[in-house]
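# Observations on the three-dimensional arrangement
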Amino acid sequence: MAFSLYNLTDTPIEASSSSHDVAAFVLHPRKPTTLKLPRFHGRHVNLQNAVDGAALNQEVKTFRVSLPGHWEKRGASWIDLKVAADCPWRVYWFRPAKSMVVLSKRNMASYLSELPDTLSLAALVLPGTHDSMAFYGWPISQCQSRSTPLSTQFLDGVRVLDVRLAAIPILPPPGPETGGGSPQTLPLPQFKLVTYHGIYPEHTPFTTVLSSLHTYLTSPAGARETIVMSLKQEDFTITPPTTFSRLVKEEIMNSPGGFKDTNEKGERDLGMWYLQNRVPNLGEVRGKVVLFSRFGVNGEEWEGGWEGLGIHPLHWPNSEKKGFVWHLKGTAIRTHDWYAIPSLLAIPEKSMLSTLVLKPNMPFPLTFPLTPEPSSNGEGGGNRARVYGPETLNIAYLSAATVPLALPSIVATGWGFPGWKMGFEGVNARVGRWLMEQLVPDFESFSPIESAAAPKSVENGYGAVKQGRSQYKQGVYMKDSADEKRAAWSSQRN
């Protein structure tokens, strides 16, 4: 069996096989070249840290990585290979290129603690979950598995929450003062906020969400992390926006780590909350929640108006396919939130457009047909969309649904056995494949999807469309060739 290995760590790794025909060899770090192993008889690879002559007497642990079998080929174009829990690497198999990729393992519970305080949040890639608390209502409303509650999401590396809320009335229990009273004498109901997805209740009180946030951010693992929490009102046709905004403020203020308004001495305790309307640096928000308020209109009920609501977009076009840009204190925020796809056939297009916003040189908002990335003089093949500078925050929403033609779970995970040409990949696997291609440019030539539309003819079970050499032609955006990507990839690391 012949396949390639890519060492994307910073240290050499020694690889070997149980086959006596293949000698041990060293995978040098950050090398874009492919090492071919013809007639590789074994079905597994042994990996260990490469040691020099002075360290030969040291005990070096070997980790066995089994190659995927026929049954494992049924799924997505890439898989996370199983390794021992104490293995210092994560190992992936990229099936279209028959390649193994080795990455350094990071502690996902506290990976932001390793980064410098001076980094802006706009310079980070922060993974999030769509409708983070939507654990019920399959197949339409449920977006998360009940096996991944909020505490598990934090430990798995989720740093952006999408929480949707609705106000629920709490009627007082019947008693001597209310049991025999007329409707005119009954006390007014109180309200509490509960997680919702659209009109479907998700049953978790907002106070429970706040308690989970506080528990994590005050733990040893989370003390130097930060959580961006987007809050959105789901019952806007029933509850007045000002009432909803007041309820959010009250429940946050009364929760553990809640903030306080300025007192008569001019002092204000913000607790674990960051409420300024700008994109902060990481050092400013360690151990804090950055509020991303998709509610509140003009900030009624909040000290400072909308400037005291955290990051607060003043407009949010509904399901805008080409994306939109809004500006905040000198930072351009490019957002792609096209969720109302026409059917499952739009999954390739949805996946591609969602990742284009993450390319810093892609003109935005997008125009169709897609035009090439701009040259050094800022021109981009006729696309009038503006290219923004380094102070840019890119937000990509990967979720989509249309009932009944594209249920959200199928859009996310796909269907059937794409590796056996009996199904298709969902957005999750496609975006994972795109990330692999960014790490290893060689992979782009194995699974290019260049068209901004669903493929009309499928070349393989992964939805790749047969293409010639990538180029710019007639104003249509085509990806860089693999050779050009490899050259750029190599130069960035030298």
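Let me sum up the structure you'll find in this document. Keep in mind that what you see is a predicted model, and the values were worked out from it rather than measured.

This paragraph deals with the pairing of strand S14 (residues 288-294). Counting buried positions over the 7 residues of S14 gives 6, a clear majority of the element. Pairing analysis gives 7 bridges linking strand S12 (residues 226-233) to S14, with the strands arranged parallel. Bridging across to S14, serine 230 finds its partner in phenylalanine 292. In this structure, strand S13 (residues 273-274) lies alongside S14, joined through 2 bridges in parallel fashion. By the bridge assignment for S14, tryptophan 273 is matched with valine 289.

To continue, consider helix H2 (residues 206-217). Count 3.6 residues to each turn of an α-helix, and residues three or four apart come out pointing the same way. The terminal C-alpha atoms of H2 lie 17 Å apart, and with 12 residues this matches the ideal 16 Å at 1.5 Å per residue to within 8%. Along H2, the residues classified as buried are Phe206, Val209, Leu210, Leu213, Tyr216 and Leu217. All buried residues of H2 project into a common sector of 130° when viewed along the axis, lining one side.

Glancing now at the nonpolar core. Looking at soluble globular proteins, one finds that nonpolar side chains tend to be buried together. One finds Phe206, Leu213, Met229 and Trp273 to be the most contacted residues of the largest nonpolar core, which totals 32 residues. When contributions to this core are tallied by element, the ones reaching two or more residues are helix H1 (150-155), strand S9 (160-170), H2, S12, helix H3 (241-253) and S14. Per-element tally for this core: the top contributor is H2, with 6 residues. Discounting residues that sit within four places of it in the chain, leucine 213 has contacts with Phe154, Leu161, Ile227, Met229, Met272 and Val289. If you look at the next biggest cluster of nonpolar residues, it comprises 22 residues, including Tyr111, Phe292, Trp316 and Phe324.

Once that is clear, we can look at the pattern of salt bridges. According to the stated counting rule, one finds 17 salt bridges in the structure shown. Between aspartate 117 and arginine 224 there is a salt bridge, with the nearest N and O atoms lying 3.9 Å from each other. Remark: arginine 224 occurs in the loop between H2 and S12 and aspartate 117 occurs in the loop between strand S8 (99-104) and H1; sequence separation between them is 107 residues. Judged by relative accessible area, which is 38%, arginine 224 ranks as partly exposed. With a closest N to O distance of 3.9 Å, aspartate 131 and arginine 164 form a salt bridge. Linking aspartate 131 in the loop between S8 and H1 with arginine 164 in strand S9, this pair joins segments that are 33 residues apart in sequence. Salt bridges linked by common partners bring Lys249, Asp261, Arg268 and Glu303 together as one network.

Turning to the packing of aromatic side chains, a few remarks are in order. Applying the stated criterion to the full structure yields 15 aromatic pairs. Arranged with centres 5.4 Å apart and planes meeting at 50°, the rings of phenylalanine 417 and tryptophan 420 form a pair that is tilted. Given a relative accessible area of 32%, phenylalanine 417 falls into the partly exposed group. Classification of tryptophan 420 as partly exposed rests on a relative accessible area of 25%.

As a further point, take the sheet that holds S13. Strand order across the open sheet formed by 6 strands is S11-S10-S9-S12-S14-S13, with mixed pairing between neighbours. Whereas interior strands pair on both sides, the edge strands pair on one side only; in this sheet they are strand S11 (200-205) and S13. Against the sheet, H2 makes contact with S9, strand S10 (190-197), S11, S12, S13 and S14, and its axis sits at roughly 170° relative to S12, the strand it touches most. Together, S9, S10, S12 and S13 form the strand contacts of H3, whose direction differs from that of S10 by roughly 95°.

Conventions used here
- Residues numbered from 1 in each chain as written.
- Predicted model: local features only at pLDDT ≥ 70, side-chain atom pairs only at ≥ 80, totals over all residues.
- Heavy atoms only, no water.
- Buried < 20%, exposed > 50% of the residue type's maximum accessible area, 1.4 Å probe, protein only.
- Helix = DSSP H or I, 4+ residues; strand = E, 2+ residues; numbered from the N terminus.
- Pairing = 2+ DSSP bridges.
- Expected span 1.5 Å × (residues − 1).
- Arc of directions from axis to C-beta.
- Core = buried A, V, L, I, M, F, W, Y, C linked by side-chain atoms within 4.5 Å.
- Contact = heavy atoms within 4.5 Å.
- Salt bridge = Lys/Arg side-chain N within 4 Å of Asp/Glu carboxyl O.
- Phe/Tyr/Trp six-rings, centres within 6.5 Å; stacked < 30°, edge-to-face > 60°.
- Axes fitted to C-alpha atoms, helices over the stretch in contact; angles between N-to-C directions.

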